[in-house]
Amino acid sequence: MKTIKKVFIISISFFLLLGVVGCKKQRTLLKLGWMKYTADVNPSVRKFETPKRNTWKPRGERQIHKANEVMATRDIWRSRHGDAFNTDEITTAVGPVLELDWVANNDYFGAGPVVMDRKGDIYQSPKFPYDKAKLIKFDGQTGKILWKIFSEKIATGGSLPLVLDDPNNPGQEIIYHGTVSEVMALHPDGKIIYRKPTRGLSPLPEKITLRNLGSYHSYGPNYHPVMDALVAVTGDGRIWAFDRKTGNQTIETFQLPGAIAPLKADRKIPKAVKKLVDGDLKFMFDGAPDGYTFQHQVAIVLGEGVNNSNFFSIDQRTGALWLTATDLDEKDGKKDGISEYGAVYRVDVVPDNNGPYKWKFDIGATLSFKGGSASTASFRGDGKRGYVGDAFGNLIAYDYDGKIIWKLSLGSVESGNQIIASVTVASDNNEIFCVTRRDVFKIIDKGTKAEVAWRSKFDMYEDINSQFHQWNLLTALVTANGIAFHAGVGPSVKLFGGTPTFCPVKVGVGLLDRETGDVKWYADGGQRGNSTLSITVPTIDGGIIITHSPIRRAIARGIFGDRIHPVRGGLSKYSPKRIDIMLRDIAAAASDKTVRALEISQVQPEGTLADLKENKDLFNQARFVAPKAIKDGDMTEIQWQTINQNLMKVEANYTEWERTQKKEVLKNAVDILEEIVKGLTPVN
């Protein structure tokens, strides 16, 4: 033992000498070496009080989302970013008190998120699975695998399915899935409606390279109301579609005009991470195409060597597609097969009188900007204004013609302030939520300009190491009772082009106060928590699902080794506790929205109807979670019966309002909801 201590002291002394007289690289190695052995990698989670009622309230006219018979509501997470506009907003609540419940399916790489049906069950398409499982269904309460659909060809995976309502069978749902190899539709029980080869796309290359990487990736379908079709985009910029009812190709495949983004073919992967490829990260490569390496995954994360590395929006009013991709090769001043400019494209679907199909794609507008983008194009409910982040820490708002309305800087990219993932667009108060590599920002769109309302205050852990940070990891999710998030604690290391890479040693999920940005609750994942490159996904019972694509934790594992728990594939569910408090939040959110519905009834009657409709989503959620509240002892059967009877009275008031527009009935609904809130509020 004394010998080990002696060697350790001599080693530290040697590194200290290097730090005094050595180069910058040596000093960096010194800091990492010192941190590796001295940092507390298991900091304590601070104690959180039971979350109080929200102080945030909806005010003034709201955004109204166009509904149709296959995407009637936003009460479940049915697509990659929740809905066709990529708003990352749901009409229901998450548990204000959460706890890691279960972890499942450790052998699959969850590069993409999951989607839900109304029973709360989960659908996932893992990336390059070892067994070529194309689509997997899980029991939402236990994580048990219910069924798998396999691919006979190479499994590209990661193409998220889409859950739509079945217009021919009210109350039923259909699961749609489309990859570069095949398309399918099936019932929730796994019974296949159709399964056909993808038409209009060339066969995949036999070997994956940095230059053909995009051809293997499709990010899943979105719903197109004009064609009644499912549309998808590949990483190499091809847009294709298939008929919702039959699975047949419905329009000529379209190629976006941009060249591939710059790539770094000689990027050095840290040795410590390389070692994990045959260890912790082996699940990433067991089913991968020939030639696939860790560097390919890094390139996809950074959007290198591809035309498109983001999802896309579809305007449910006009059918226009909005995509963030690369601009023309020559836009950067040299024609070399590489584009250093990004672009937002509006791709219209227009009649085709001369071709083999009824419709064709046509570029209707383009917004070009230097440096590309790491964010998905997202849109307001009216389809007239979109938002995207550029490569320099700016949030850009643009109109239907692709013209910039305003630009807002969130800080330097070097400080980790480039906008990533998707800009979250709320229905209320002109609020927008942006995530960077470290923070969540609340932005207010004031028409011709925008202002930062708050920057998140992540303080989940106590007494952390001086070189550690508490940073954000994923998209901000707008719920009825706050902003759900996925974050963690750990160091930031400059890798992959010099940008700060957050390497969490511990991760979890929580809820931000929508008014202040403060952390209201945080559930640490403990020894089973893993990070993701995906999206914070809500469940119908108020939980949060995190799929495991733990690249950032792998880097942390490379630094700290066995001092932190292993990285694993699969998915985690954080489930609500204290469901009585969740029911209080549901009633409070419905009350606040009813108050606003009454206020705007004369100036925006359609907004009033939208509010009351969304409140019914909340009431349905309350009925969904009530049995567990009773089972867990959060309330008695008699208490729930009283609450449910009151909810039925509120619904009757809403029906009366739609018939008579009498203000008294909505005021009465508010009084009933406030009584529910009062009865469920803990006495201090």
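Attention here is on the structure that accompanies the text.

Rules and cut-offs
Residues numbered from 1 in each chain as written. Predicted model: local features only at pLDDT ≥ 70, side-chain atom pairs only at ≥ 80, totals over all residues. Heavy atoms only, no water. Pairing = 2+ DSSP bridges. Helix = DSSP H or I, 4+ residues; strand = E, 2+ residues; numbered from the N terminus. Axes fitted to C-alpha atoms, helices over the stretch in contact; angles between N-to-C directions. Buried < 20%, exposed > 50% of the residue type's maximum accessible area, 1.4 Å probe, protein only. 1 Å grid on protein atoms, 1.4 Å probe; cavity = no way out; pocket = protein on both sides within 12 Å on 5 of 7 lines; lining within 4 Å. Points joined across faces, edges and corners; volume = space filled by probe spheres on them. Nonpolar A, V, L, I, M, F, W, Y, C, P; charged D, E, K, R; others polar. Salt bridge = Lys/Arg side-chain N within 4 Å of Asp/Glu carboxyl O.

### Looking at the sheet that holds strand 17 (residues 341-351)
No. 1: Read across the sheet, four strands follow the order 15-16-17-18 without closing on themselves; strand pairing throughout is antiparallel. A single partner strand is all that each edge strand has here, and the edge strands are strand 15 (312-314) and strand 18 (359-370). Taking each pair of neighbouring strands and ignoring which way they run, the sheet shows an average axis angle of 25 degrees.
No. 2: Pairing analysis gives three bridges linking strand 15 to strand 16 (residues 321-326), with the strands arranged antiparallel. Bridge pairing in strand 16 links Ile314 to Leu321.

### Focus on the pairing of strand 38 (residues 571-576)
No. 1: Counting buried residues in strand 38 gives six out of six residues, a clear majority hidden from the surface.
No. 2: Bridge analysis of strand 2 (residues 98-104) against strand 38 gives six bridges, and the strand direction is antiparallel. Looking at the pairing, Val103 lines up with Ser572 of strand 38.

### Points about empty space enclosed by the protein
No. 1: Under the defined criterion, the tally for this structure stands at four cavities of 30 Å³ or more.
No. 2: Around the largest cavity sit 19 residues that line it, and Trp56, Asp428, Thr479, Ala480 and Lys593 are the ones nearest its centre.
No. 3: Contributing elements (two or more residues each) for the lining of the largest cavity: strand 31 (477-479), helix 6 (579-599) and helix 7 (605-631).
No. 4: Ranked by residues supplied to the lining of the largest cavity, first place goes to helix 6 with four residues.
No. 5: Its residues placed into classes, the lining of the largest cavity shows eight nonpolar, four polar and seven charged.

### Examining the pattern of salt bridges
No. 1: Summed over the entire model, instances satisfying the criterion amount to 49 salt bridges.
No. 2: Note that Glu173 and Arg118 form a salt bridge whose closest N and O atoms lie 3.7 Å from each other. Here Glu173, found in strand 8 (residues 173-178), pairs with Arg118, found in the loop between strand 3 (115-116) and strand 4 (122-124); they are 55 residues apart in sequence, far enough to count as distant.
No. 3: Of the residues examined, Arg118 reaches a relative accessible area of 27% and is grouped as partly exposed.
No. 4: With a shortest N-O distance of 3.2 Å, Arg557 and Asp562 are connected by a salt bridge.
No. 5: For Arg557, a relative accessible area of 11% puts it in the buried group.

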